[in-house]
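Descriptive structure summary
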Amino acid sequence: MRERPPRAPHIAHLHLHATLDENQYADVLELLTGITPHVQDFPPDAVQLDLTSALRYFDSGPYELVQRAQLRLAGLYGIESSAGLAGNRMLAAMAAAASEPGRATRIPGEPADTAAWLRPRPVTALPGIGRATALTLSRYGLHTIGQVADLPPATLQRLLGAAPARLLAERARGHDPRPVTPRTPAARMTADLVLDRDCLDPAEHHRAVLGLAEELGRRLRTEGQATGRLTLTVRYADRTATTRTRTLPEATGHSPALATTALGLLTALGLQRARVRAYAIRADDLRPAAETHRQLTLDPTDHRARAAESAADRARHRFGPKAIIPAATASPTHRPTPPTPS
């Protein structure tokens, strides 16, 4: 049986055009883990994401996921960003540096296309090229990345030394094997929805929060996790926000239980005719689902609901996230954005 070749990586680099304190930067990291858990921080104004495992979950291309990340940052926190998308961390960072605020640059994955994008650029665009190295290279007429890539390795070693020459030669050819490495496992999960326009309809508020609770529950079950606490944040058209938190009676990943708590938080906000622009539900106090204890019940309805939920999860895993959508969350105008895969 022939082995399936590994998927090509899709790395995104986001440069944040904002001055953030430690707590605000932590909020950004938490938000982006709603797209992928593979997030590496570069405080105070950059972050990298490995989107490879998120493509099937969202049933979207990498460029669409980058745009989704930028939309979430702008809609929830008013943060404008420049983005780069490429096959490795170095190229993604270079693409972000070449992007205007609010835009994203994608470097094609084919080697010839990558070389065509990379070669004309100044050698100083490569990460790690300091002033002294750039001056040394310029003395020998080496001004572009393409000129460095074409230089014989022995010549480059005489100019810079063995180790720096090897690293520079690899980078000039667009090679960077470093993976995106999150510092610690995610201690929370977030699902959010940014609307295209202000929403004043209480029924739409209800539908949006219900959909986010459903998607958050699905991800918890996919990752074998349970949550003991939910936080609902509603952001308004004037960029203010209201937050409410509630501890669950027992840790769970069961969507109806999450929905009951989330809708209770929504009711407590008393929105009525508030002009809402975004919603976010955060699950804290995560723990392995196998280590949680569920209150026994003789109610057959609960058993049937959990069995149907498991069957729906299996169908989504096999046929994609849109295979089964709860009727109560369907809307002709707004649909919640699912959180990340594991």
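Coordinates for the structure precede this section.
Overview of the structure. Since the model is a prediction, treat every value here as computed from it, not as a measurement.

About the cut-offs
- Residues numbered from 1 in each chain as written.
- Predicted model: local features only at pLDDT ≥ 70, side-chain atom pairs only at ≥ 80, totals over all residues.
- Heavy atoms only, no water.
- Buried < 20%, exposed > 50% of the residue type's maximum accessible area, 1.4 Å probe, protein only.
- Helix = DSSP H or I, 4+ residues; strand = E, 2+ residues; numbered from the N terminus.
- Pairing = 2+ DSSP bridges.
- Right-handed = clockwise from strand over helix to strand, strands pointing away.
- Salt bridge = Lys/Arg side-chain N within 4 Å of Asp/Glu carboxyl O.

Turning our eyes to something else, we now look at the pairing of strand β4 (residues 80-86). With six of seven residues buried, β4 lies mostly within the body of the structure. Inspection of the sheet shows strand β1 (residues 11-17) paired to β4 by seven bridges, in the antiparallel sense. Along β4, the bridge assignment pairs A12 with L85. Pairing geometry for β4 and strand β5 (residues 104-106), over three bridges, is parallel. The residue of β5 that forms the bridge with A83 is A104. Traced from β4 through helix α4 (residues 89-97) to β5, the parallel crossover comes out left-handed.

So, on to the pattern of salt bridges. Within the structure shown, the criterion is met by eleven salt bridges. Notably, a salt bridge pairs R119 with D150, separated by 2.6 Å at the nearest N-O pair. One end of the pair, R119, is in the loop between α5 (111-118) and α6 (131-139); the other, D150, is in helix α7 (residues 145-150), and 31 residues separate them in sequence. Under the relative-accessibility criterion, R119 is labelled partly exposed at 33%. Taking the shortest distance from any N to any O, the salt bridge between R219 and E223 comes out at 2.8 Å. On the basis of relative accessibility, which here comes to 2%, the residue R219 falls in the buried class.

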